[in-house]
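What follows is the residue order along each chain.
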Amino acid sequence: MKSNHTNLRIPGPTPVTPEILKEMSRFMINHRGDEFRQLIESVTERLKTIYETKQDLHILTASGTGAMETAIVNTLSPGDNVLAITIGAFGDRFANIAEIYGADVTILRSALGESTDPDKVTSVLNNNPNIKAVLVTHNETSTGVTNDIESIAKIVKQDFGKLLLVDGVSSVGSVPLKTDDWQCDAVASASQKGWMAPPGLAFLSFSLESWKANASSTMPNFYFDLRQYKKYMEIGQPPWTPNLSLFFALDKALDLMLREGISNIHLRHAETAQKFRDGVQELGLKLLAKPESASDTITSVLLPDGIQAKDFLTIAKTDHNVELAGGQQSLASKIFRIGHLGLVSDEEITETLSAIKYSLEKLK
Ligand code: PMP
(Lines give C-alpha, C1' and ligand atoms only; values in the text may rest on other atoms or scores of the structure.)
Protein backbone atom coordinates (compact mmCIF):
# COMPACT_ATOMS: atom_id res chain seq x y z
CA MET A 1 0.00 0.00 0.00
CA LYS A 2 2.80 2.41 0.85
CA SER A 3 4.17 4.61 -1.92
CA ASN A 4 7.53 6.38 -1.74
CA HIS A 5 6.17 9.75 -0.77
CA THR A 6 3.11 10.67 1.19
CA ASN A 7 -0.14 11.05 -0.70
CA LEU A 8 -0.63 14.59 0.59
CA ARG A 9 -4.38 15.12 0.69
CA ILE A 10 -4.44 18.24 2.86
CA PRO A 11 -5.75 21.55 1.49
CA GLY A 12 -2.26 23.04 1.09
CA PRO A 13 0.62 22.77 0.85
CA THR A 14 -0.29 20.70 -2.19
CA PRO A 15 1.95 18.22 -4.04
CA VAL A 16 4.73 19.76 -6.14
CA THR A 17 6.19 17.76 -9.04
CA PRO A 18 9.93 17.00 -9.25
CA GLU A 19 10.25 19.26 -12.31
CA ILE A 20 8.80 22.21 -10.35
CA LEU A 21 10.87 21.38 -7.25
CA LYS A 22 14.03 21.19 -9.35
CA GLU A 23 13.62 24.88 -10.24
CA MET A 24 14.14 25.70 -6.57
CA SER A 25 17.76 24.58 -6.79
CA ARG A 26 18.69 27.21 -9.38
CA PHE A 27 21.45 29.70 -8.54
CA MET A 28 20.40 33.06 -7.10
CA ILE A 29 20.11 36.04 -9.44
CA ASN A 30 20.08 39.81 -8.90
CA HIS A 31 16.53 40.77 -7.99
CA ARG A 32 17.31 44.29 -9.23
CA GLY A 33 18.63 43.06 -12.58
CA ASP A 34 17.23 42.40 -16.05
CA GLU A 35 16.82 38.67 -15.60
CA PHE A 36 14.50 39.09 -12.63
CA ARG A 37 12.63 41.95 -14.31
CA GLN A 38 11.73 39.60 -17.14
CA LEU A 39 10.74 36.89 -14.68
CA ILE A 40 8.49 39.04 -12.45
CA GLU A 41 6.82 40.65 -15.47
CA SER A 42 6.13 37.32 -17.12
CA VAL A 43 4.95 35.62 -13.91
CA THR A 44 2.65 38.58 -13.13
CA GLU A 45 1.14 38.55 -16.63
CA ARG A 46 0.43 34.81 -16.45
CA LEU A 47 -1.09 35.11 -12.95
CA LYS A 48 -3.36 37.83 -14.35
CA THR A 49 -4.45 35.52 -17.15
CA ILE A 50 -5.49 32.88 -14.63
CA TYR A 51 -7.09 35.50 -12.37
CA GLU A 52 -9.00 36.76 -15.44
CA THR A 53 -7.97 40.32 -14.70
CA LYS A 54 -6.44 43.15 -16.67
CA GLN A 55 -6.03 45.28 -13.58
CA ASP A 56 -3.09 45.35 -11.17
CA LEU A 57 -1.76 42.23 -9.50
CA HIS A 58 1.12 42.16 -7.05
CA ILE A 59 3.20 39.27 -5.73
CA LEU A 60 4.21 39.33 -2.08
CA THR A 61 6.76 37.20 -0.28
CA ALA A 62 4.21 36.11 2.32
CA SER A 63 1.54 33.48 2.83
CA GLY A 64 -2.12 34.00 1.92
CA THR A 65 -2.88 35.79 5.18
CA GLY A 66 -0.37 38.46 4.12
CA ALA A 67 -2.37 39.11 0.95
CA MET A 68 -5.61 39.35 2.97
CA GLU A 69 -3.95 41.86 5.31
CA THR A 70 -2.60 43.78 2.31
CA ALA A 71 -6.10 44.10 0.83
CA ILE A 72 -7.41 45.56 4.08
CA VAL A 73 -4.61 47.93 5.06
CA ASN A 74 -4.41 49.44 1.58
CA THR A 75 -8.10 50.25 1.15
CA LEU A 76 -9.57 50.98 4.59
CA SER A 77 -9.19 53.41 7.47
CA PRO A 78 -9.70 52.93 11.22
CA GLY A 79 -13.38 53.44 12.04
CA ASP A 80 -14.60 52.38 8.57
CA ASN A 81 -17.74 50.27 8.61
CA VAL A 82 -17.05 46.89 7.07
CA LEU A 83 -19.26 43.86 6.47
CA ALA A 84 -17.44 40.55 6.97
CA ILE A 85 -19.29 37.59 5.51
CA THR A 86 -18.03 34.46 7.22
CA ILE A 87 -18.81 30.80 6.76
CA GLY A 88 -15.89 29.45 8.79
CA ALA A 89 -12.40 29.89 10.22
CA PHE A 90 -10.92 31.81 7.29
CA GLY A 91 -13.88 34.19 7.06
CA ASP A 92 -13.37 34.83 10.79
CA ARG A 93 -9.69 35.52 10.13
CA PHE A 94 -10.51 38.13 7.46
CA ALA A 95 -12.91 39.85 9.92
CA ASN A 96 -10.26 39.69 12.64
CA ILE A 97 -7.61 41.40 10.55
CA ALA A 98 -10.01 44.27 9.79
CA GLU A 99 -10.91 44.56 13.49
CA ILE A 100 -7.27 44.59 14.60
CA TYR A 101 -6.59 47.53 12.28
CA GLY A 102 -9.52 49.42 13.77
CA ALA A 103 -12.40 48.83 11.35
CA ASP A 104 -15.93 48.71 12.73
CA VAL A 105 -16.90 45.19 11.61
CA THR A 106 -20.44 43.86 11.16
CA ILE A 107 -20.48 40.08 10.84
CA LEU A 108 -22.83 38.03 8.69
CA ARG A 109 -22.29 34.42 9.75
CA SER A 110 -23.74 31.20 8.34
CA ALA A 111 -23.91 27.85 10.11
CA LEU A 112 -20.77 25.75 9.60
CA GLY A 113 -21.16 23.71 6.43
CA GLU A 114 -23.45 26.24 4.77
CA SER A 115 -22.74 28.93 2.21
CA THR A 116 -23.93 32.55 2.42
CA ASP A 117 -27.48 33.28 1.36
CA PRO A 118 -27.08 36.27 -1.02
CA ASP A 119 -30.46 37.70 0.09
CA LYS A 120 -29.02 38.12 3.57
CA VAL A 121 -26.19 40.21 2.12
CA THR A 122 -28.81 42.48 0.54
CA SER A 123 -30.65 42.80 3.81
CA VAL A 124 -27.51 43.63 5.89
CA LEU A 125 -26.40 46.21 3.32
CA ASN A 126 -29.90 47.75 3.29
CA ASN A 127 -29.87 48.03 7.07
CA ASN A 128 -26.32 49.41 7.28
CA PRO A 129 -25.94 52.17 4.67
CA ASN A 130 -22.59 53.26 6.18
CA ILE A 131 -20.81 50.07 5.19
CA LYS A 132 -17.90 50.88 2.91
CA ALA A 133 -16.44 47.46 2.09
CA VAL A 134 -17.43 43.80 2.11
CA LEU A 135 -15.00 41.00 2.98
CA VAL A 136 -15.87 37.52 1.76
CA THR A 137 -14.28 34.09 1.43
CA HIS A 138 -14.78 32.44 -1.95
CA ASN A 139 -13.92 28.92 -0.86
CA GLU A 140 -13.98 28.22 2.90
CA THR A 141 -11.22 25.67 3.40
CA SER A 142 -12.21 24.86 6.99
CA THR A 143 -15.62 23.52 5.95
CA GLY A 144 -15.21 22.68 2.25
CA VAL A 145 -17.94 25.09 1.17
CA THR A 146 -17.87 27.48 -1.79
CA ASN A 147 -19.74 30.77 -1.69
CA ASP A 148 -21.65 31.98 -4.74
CA ILE A 149 -19.32 34.92 -5.29
CA GLU A 150 -20.88 35.85 -8.61
CA SER A 151 -24.27 36.51 -6.96
CA ILE A 152 -22.73 38.13 -3.89
CA ALA A 153 -20.57 40.37 -6.10
CA LYS A 154 -23.61 41.47 -8.13
CA ILE A 155 -25.29 42.65 -4.95
CA VAL A 156 -22.21 44.27 -3.43
CA LYS A 157 -21.09 46.01 -6.63
CA GLN A 158 -24.15 46.59 -8.82
CA ASP A 159 -26.86 47.07 -6.20
CA PHE A 160 -24.83 48.85 -3.52
CA GLY A 161 -21.53 50.02 -5.08
CA LYS A 162 -19.33 48.89 -2.15
CA LEU A 163 -15.74 47.77 -2.25
CA LEU A 164 -15.45 43.97 -2.53
CA LEU A 165 -12.40 42.22 -1.02
CA VAL A 166 -12.25 38.48 -1.70
CA ASP A 167 -10.26 35.69 -0.05
CA GLY A 168 -9.61 33.44 -3.05
CA VAL A 169 -6.72 31.63 -1.37
CA SER A 170 -8.09 28.12 -1.97
CA SER A 171 -10.09 28.88 -5.12
CA VAL A 172 -8.27 30.99 -7.73
CA GLY A 173 -6.43 28.80 -10.21
CA SER A 174 -8.59 25.79 -9.33
CA VAL A 175 -12.25 26.82 -9.67
CA PRO A 176 -13.77 29.68 -11.71
CA LEU A 177 -13.37 33.18 -10.32
CA LYS A 178 -13.74 35.94 -12.89
CA THR A 179 -12.02 38.82 -11.13
CA ASP A 180 -12.91 41.58 -13.61
CA ASP A 181 -16.25 40.31 -14.93
CA TRP A 182 -17.55 39.89 -11.39
CA GLN A 183 -15.98 43.22 -10.32
CA CYS A 184 -13.95 41.84 -7.43
CA ASP A 185 -11.82 44.75 -6.19
CA ALA A 186 -9.10 42.68 -4.54
CA VAL A 187 -8.58 38.92 -4.66
CA ALA A 188 -6.00 37.17 -2.48
CA SER A 189 -4.39 33.81 -3.22
CA ALA A 190 -1.26 31.88 -2.23
CA SER A 191 1.31 29.71 -3.98
CA GLN A 192 0.81 26.52 -1.92
CA LYS A 193 -2.79 25.99 -3.06
CA GLY A 194 -3.95 25.17 -6.59
CA TRP A 195 -0.83 26.80 -8.03
CA MET A 196 1.28 23.66 -7.46
CA ALA A 197 4.16 25.65 -5.95
CA PRO A 198 5.60 25.51 -2.43
CA PRO A 199 4.27 27.93 0.22
CA GLY A 200 5.68 31.45 0.54
CA LEU A 201 4.33 33.67 -2.24
CA ALA A 202 0.97 35.44 -2.07
CA PHE A 203 -0.90 37.23 -4.83
CA LEU A 204 -3.30 40.14 -4.71
CA SER A 205 -5.26 41.62 -7.58
CA PHE A 206 -6.15 45.26 -7.03
CA SER A 207 -8.77 47.11 -9.10
CA LEU A 208 -8.96 50.79 -10.04
CA GLU A 209 -11.73 51.10 -7.46
CA SER A 210 -9.29 49.72 -4.86
CA TRP A 211 -6.69 52.29 -5.88
CA LYS A 212 -9.33 55.01 -5.44
CA ALA A 213 -9.97 53.71 -1.92
CA ASN A 214 -6.22 53.57 -1.37
CA ALA A 215 -5.93 57.32 -1.94
CA SER A 216 -7.87 58.02 1.25
CA SER A 217 -6.92 54.89 3.26
CA THR A 218 -5.14 55.63 6.56
CA MET A 219 -4.56 52.19 8.05
CA PRO A 220 -0.86 51.85 8.93
CA ASN A 221 1.33 49.67 6.73
CA PHE A 222 4.94 49.33 5.67
CA TYR A 223 5.97 45.90 4.32
CA PHE A 224 2.52 45.56 2.74
CA ASP A 225 2.27 49.13 1.38
CA LEU A 226 0.99 48.44 -2.15
CA ARG A 227 1.99 51.91 -3.34
CA GLN A 228 5.59 50.76 -2.96
CA TYR A 229 4.85 47.59 -4.96
CA LYS A 230 3.20 49.64 -7.70
CA LYS A 231 6.03 52.18 -7.85
CA TYR A 232 8.73 49.50 -7.99
CA MET A 233 6.82 47.35 -10.50
CA GLU A 234 7.20 50.19 -13.00
CA ILE A 235 10.89 49.21 -13.14
CA GLY A 236 10.16 45.47 -12.91
CA GLN A 237 11.15 45.07 -9.29
CA PRO A 238 9.51 44.32 -5.97
CA PRO A 239 10.17 46.84 -3.19
CA TRP A 240 11.78 44.24 -0.90
CA THR A 241 13.94 41.16 -1.56
CA PRO A 242 11.64 38.47 -3.00
CA ASN A 243 11.85 34.72 -2.44
CA LEU A 244 13.65 34.03 -5.72
CA SER A 245 13.51 30.23 -5.45
CA LEU A 246 9.75 30.35 -5.23
CA PHE A 247 9.55 32.62 -8.26
CA PHE A 248 11.53 29.99 -10.22
CA ALA A 249 9.12 27.26 -9.08
CA LEU A 250 6.04 29.36 -9.79
CA ASP A 251 7.35 30.24 -13.25
CA LYS A 252 7.44 26.52 -14.09
CA ALA A 253 4.08 25.78 -12.45
CA LEU A 254 2.38 28.58 -14.43
CA ASP A 255 3.81 27.17 -17.66
CA LEU A 256 2.23 23.83 -16.85
CA MET A 257 -1.08 25.43 -15.88
CA LEU A 258 -1.38 27.54 -19.03
CA ARG A 259 -0.36 24.60 -21.18
CA GLU A 260 -3.28 22.65 -19.68
CA GLY A 261 -5.63 25.65 -20.06
CA ILE A 262 -7.79 27.36 -17.44
CA SER A 263 -11.09 25.75 -18.42
CA ASN A 264 -9.48 22.29 -18.48
CA ILE A 265 -8.08 22.92 -14.98
CA HIS A 266 -11.53 23.91 -13.71
CA LEU A 267 -13.09 20.86 -15.31
CA ARG A 268 -10.42 18.57 -13.85
CA HIS A 269 -11.05 19.96 -10.36
CA ALA A 270 -14.82 19.50 -10.71
CA GLU A 271 -14.38 15.90 -11.89
CA THR A 272 -11.84 15.03 -9.18
CA ALA A 273 -14.08 16.51 -6.47
CA GLN A 274 -17.05 14.51 -7.75
CA LYS A 275 -15.00 11.30 -7.64
CA PHE A 276 -14.12 11.99 -3.99
CA ARG A 277 -17.69 12.90 -3.04
CA ASP A 278 -19.08 9.80 -4.76
CA GLY A 279 -16.33 7.61 -3.31
CA VAL A 280 -16.82 8.57 0.34
CA GLN A 281 -20.60 8.31 0.04
CA GLU A 282 -20.21 4.82 -1.43
CA LEU A 283 -18.35 3.98 1.79
CA GLY A 284 -21.50 5.00 3.67
CA LEU A 285 -20.07 8.33 4.88
CA LYS A 286 -21.89 11.66 4.90
CA LEU A 287 -20.64 14.99 3.59
CA LEU A 288 -20.73 18.19 5.63
CA ALA A 289 -21.53 20.45 2.66
CA LYS A 290 -24.75 20.41 0.66
CA PRO A 291 -24.30 19.32 -2.97
CA GLU A 292 -25.00 22.82 -4.36
CA SER A 293 -22.23 24.49 -2.33
CA ALA A 294 -19.76 21.62 -1.90
CA SER A 295 -16.25 22.78 -2.74
CA ASP A 296 -14.40 21.42 -5.76
CA THR A 297 -11.08 21.86 -3.93
CA ILE A 298 -11.76 20.43 -0.44
CA THR A 299 -14.21 17.78 0.75
CA SER A 300 -15.34 17.66 4.39
CA VAL A 301 -16.58 14.29 5.56
CA LEU A 302 -18.49 13.66 8.80
CA LEU A 303 -16.75 11.14 11.04
CA PRO A 304 -18.95 8.20 12.03
CA ASP A 305 -20.00 8.09 15.71
CA GLY A 306 -17.37 6.68 18.01
CA ILE A 307 -14.42 7.30 15.67
CA GLN A 308 -11.78 9.64 17.09
CA ALA A 309 -10.41 12.00 14.45
CA LYS A 310 -6.84 11.74 15.73
CA ASP A 311 -6.80 7.91 15.64
CA PHE A 312 -8.33 7.84 12.18
CA LEU A 313 -5.86 10.36 10.72
CA THR A 314 -2.91 8.55 12.34
CA ILE A 315 -3.88 5.16 10.86
CA ALA A 316 -4.41 6.63 7.38
CA LYS A 317 -0.94 8.13 7.60
CA THR A 318 1.04 5.34 9.23
CA ASP A 319 -0.62 2.33 7.57
CA HIS A 320 -1.44 3.81 4.16
CA ASN A 321 0.82 6.86 3.79
CA VAL A 322 -2.18 9.06 3.06
CA GLU A 323 -2.19 12.40 4.87
CA LEU A 324 -5.69 13.73 5.42
CA ALA A 325 -6.62 16.91 7.31
CA GLY A 326 -8.67 17.11 10.49
CA GLY A 327 -11.40 19.63 11.16
CA GLN A 328 -10.68 23.04 12.66
CA GLN A 329 -12.04 24.66 15.82
CA SER A 330 -15.52 23.35 16.71
CA LEU A 331 -15.40 20.88 13.80
CA ALA A 332 -12.17 19.27 15.08
CA SER A 333 -13.81 16.11 16.42
CA LYS A 334 -16.60 15.99 13.84
CA ILE A 335 -15.04 15.94 10.38
CA PHE A 336 -11.99 15.07 8.36
CA ARG A 337 -11.06 16.90 5.17
CA ILE A 338 -9.65 15.75 1.86
CA GLY A 339 -7.66 18.33 -0.08
CA HIS A 340 -7.90 17.94 -3.85
CA LEU A 341 -6.55 21.17 -5.28
CA GLY A 342 -3.64 21.24 -7.66
CA LEU A 343 -2.34 17.89 -8.77
CA VAL A 344 -4.33 14.73 -8.01
CA SER A 345 -3.95 11.52 -10.02
CA ASP A 346 -6.64 8.84 -10.35
CA GLU A 347 -4.29 6.50 -8.52
CA GLU A 348 -4.14 8.94 -5.58
CA ILE A 349 -7.94 9.16 -5.51
CA THR A 350 -8.22 5.36 -5.33
CA GLU A 351 -5.44 5.14 -2.74
CA THR A 352 -7.09 7.84 -0.59
CA LEU A 353 -10.51 6.19 -0.69
CA SER A 354 -9.03 2.83 0.19
CA ALA A 355 -7.04 4.38 3.08
CA ILE A 356 -10.28 5.89 4.41
CA LYS A 357 -12.10 2.55 4.10
CA TYR A 358 -9.43 0.48 5.84
CA SER A 359 -8.68 3.04 8.56
CA LEU A 360 -12.36 3.19 9.53
CA GLU A 361 -12.65 -0.60 9.49
CA LYS A 362 -9.64 -0.92 11.74
CA LEU A 363 -11.20 1.44 14.29
CA LYS A 364 -14.64 -0.20 14.36
N1 PMP B 1 -7.93 31.70 3.42
C2 PMP B 1 -8.20 30.46 3.02
C3 PMP B 1 -9.50 30.18 2.37
C4 PMP B 1 -7.24 29.45 3.22
O5 PMP B 1 -7.51 28.20 2.82
C6 PMP B 1 -6.02 29.76 3.85
C7 PMP B 1 -4.96 28.70 4.09
N8 PMP B 1 -5.44 27.47 4.45
C9 PMP B 1 -5.81 31.08 4.24
C10 PMP B 1 -6.78 32.02 4.01
C11 PMP B 1 -4.55 31.48 4.91
O12 PMP B 1 -3.49 31.29 4.07
P13 PMP B 1 -2.01 31.10 4.63
O14 PMP B 1 -2.01 29.93 5.53
O15 PMP B 1 -1.25 30.89 3.35
O16 PMP B 1 -1.65 32.37 5.31
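So, how was this worked out
Residues numbered from 1 in each chain as written. Predicted model: local features only at pLDDT ≥ 70, side-chain atom pairs only at ≥ 80, totals over all residues. Heavy atoms only, no water. Helix = DSSP H or I, 4+ residues; strand = E, 2+ residues; numbered from the N terminus. Rg over C-alpha atoms; globule rule 2.2 N^0.38 Å. Buried < 20%, exposed > 50% of the residue type's maximum accessible area, 1.4 Å probe, protein only. Pairing = 2+ DSSP bridges. Axes fitted to C-alpha atoms, helices over the stretch in contact; angles between N-to-C directions. Near = heavy atom within 4 Å. Polar contact = N/O pair within 3.5 Å; in protein donor to acceptor, adjacent residues only side chain to side chain. Areas by Shrake-Rupley, 256 points an atom, 1.4 Å probe, with all protein chains shown as cover. Nonpolar A, V, L, I, M, F, W, Y, C, P; charged D, E, K, R; others polar. Core = buried A, V, L, I, M, F, W, Y, C linked by side-chain atoms within 4.5 Å. Contact = heavy atoms within 4.5 Å. Salt bridge = Lys/Arg side-chain N within 4 Å of Asp/Glu carboxyl O. Phe/Tyr/Trp six-rings, centres within 6.5 Å; stacked < 30°, edge-to-face > 60°. Lys NZ or Arg CZ within 6 Å of the ring centre and 35° of its normal.

1. Thoughts on the overall build of the protein chain
Then comes step 1: Looking only at helices and strands, one finds twelve helices and 13 strands in the protein chain.
Then comes step 2: In terms of C-alpha radius of gyration, the protein chain reaches 20 Å, essentially the compact-globule figure of 21 Å for 364 residues.
Then comes step 3: Dimensions of the protein chain, computed from C-alpha atoms along their principal axes, come out at roughly 60 × 55 × 35 Å.
Then comes step 4: Across the 364 residues that make up the protein chain, the buried fraction comes to 58%.

2. Overview of the sheet that holds strand β12 (residues 322-326)
Then comes step 1: The strand order across the open sheet built from four strands is β1-β12-β13-β11, with neighbouring strands paired in mixed fashion. The sheet is open, and its two borders are formed by β1 (7-9) and β11 (298-302), each paired with just one other strand. Taken pair by pair, the neighbouring strands of this sheet meet at an average axis angle of 30°, ignoring direction.
Then comes step 2: Bridge count between β12 and strand β13 (residues 335-339): two bridges; the pairing is antiparallel. By the bridge assignment for β13, G326 is matched with F336.

3. As for helix α3 (residues 64-73)
Then comes step 1: When you tally the buried positions in α3, you get eight out of ten residues, the bulk of the element.
Then comes step 2: Of all the positions in α3, only G64, G66, A67, M68, T70, A71, I72 and V73 are classed as buried.

4. Some words on the sheet that holds strand β2 (residues 56-61)
Then comes step 1: The seven strands lie next to each other as β2-β10-β9-β8-β5-β3-β4, forming an open sheet whose pairing is mixed. If you trace the sheet from one side to the other, it starts and ends with β2 and β4 (104-109), each paired once. On average, each strand axis in the sheet is tilted by 20° relative to the strand beside it, whichever way the strands run.
Then comes step 2: Summarising the sheet, strand β3 (residues 81-86) and β4 pair through six bridges and their orientation is parallel. Residue L83 lies in a different strand from β4, and its bridge partner there is T106.

5. Some points on the site of the ligand
Then comes step 1: Residues in contact with the ligand amount to 13 residues; listed here are only the nearest, S63, G64, T65, T141 and D167.
Then comes step 2: Here an oxygen atom of the ligand and a side-chain polar atom of S63 are 2.5 Å apart.
Then comes step 3: Within the side chain of T141, a nitrogen or oxygen atom sits 2.4 Å from an oxygen atom of the ligand.
Then comes step 4: The fraction of the free accessible surface of the ligand (390 Å²) that becomes covered by protein chains is 88%.
Then comes step 5: Those elements that provide at least two residues to the shell around the ligand are α3 and α4 (89-100).
Then comes step 6: No other element matches the three residues that α3 contributes to the shell around the ligand.
Then comes step 7: When its residues are assigned to classes, the shell around the ligand shows three nonpolar, seven polar and three charged.

6. Considering the nonpolar core
Then comes step 1: Membership of the largest hydrophobic core comes to 49 residues, with the highest contact counts inside it found for L47, L83, W195, F203 and L250.
Then comes step 2: Not counting residues up to four positions away in its chain, the partners in contact with L47 are L57, I59, W195, F203, L250 and L254.
Then comes step 3: Core analysis: the second largest hydrophobic core is formed by 33 residues, A95, A133, A202 and F224 among them.

7. Focus: the side chain of S77
Then comes step 1: With respect to the helices and strands, the residue S77 is situated in the loop between α3 and β3.
Then comes step 2: Residue classification places S77 among the buried positions, given a relative accessible area of 10%.
Then comes step 3: Within the structure, the side chain of S77 is placed 3.3 Å from the backbone oxygen of S216, a separation counted as a polar contact.
Then comes step 4: Polar side-chain contacts of S77 include one of 3.0 Å to the backbone nitrogen of T218.

8. Observations regarding the pattern of salt bridges
Then comes step 1: Going through the model one piece at a time under the given rule, you end up with 21 salt bridges.
Then comes step 2: Residue E114 is joined to K290 by a salt bridge in which the shortest nitrogen-to-oxygen separation is 3.3 Å. Taken together, the residues E114 in the loop between β4 and α5 (118-127) and K290 in the loop between α10 (262-282) and β11 connect sequence positions 176 residues apart.
Then comes step 3: When salt bridges with common partners are traced through the structure, they connect D34, R37 and E41 into a single cluster.

9. Quick look at the packing of aromatic side chains
Then comes step 1: Inspection of the entire model under this criterion finds eight aromatic pairs.
Then comes step 2: Judged by centre distance (5.0 Å) and plane angle (75°), the ring pair of F36 and F247 falls under edge-to-face. Of this pair, F36 sits in helix α2 (residues 34-51) while F247 sits in helix α9 (residues 244-260), placing them 211 residues apart in sequence.
Then comes step 3: On the accessibility criterion, F36 (0% relative accessible area) is buried.
Then comes step 4: Ring centres of F222 and W240 lie 5.3 Å apart, and the angle between their planes is 20°; on these two criteria the pair is classed as stacked. Note that F222 is positioned in the loop between α7 (208-216) and α8 (226-233) and W240 in the loop between α8 and α9, a separation of 18 residues in sequence.
Then comes step 5: Judged by its relative accessible area of 64%, F222 falls in the exposed class.
Then comes step 6: Taken together through their ring pairs, the aromatic side chains of F222, Y223, F224 and W240 make up a single cluster.
Then comes step 7: Of note, R26 hangs over the ring of F248, and the distance from its end group to the ring centre comes to 3.9 Å.

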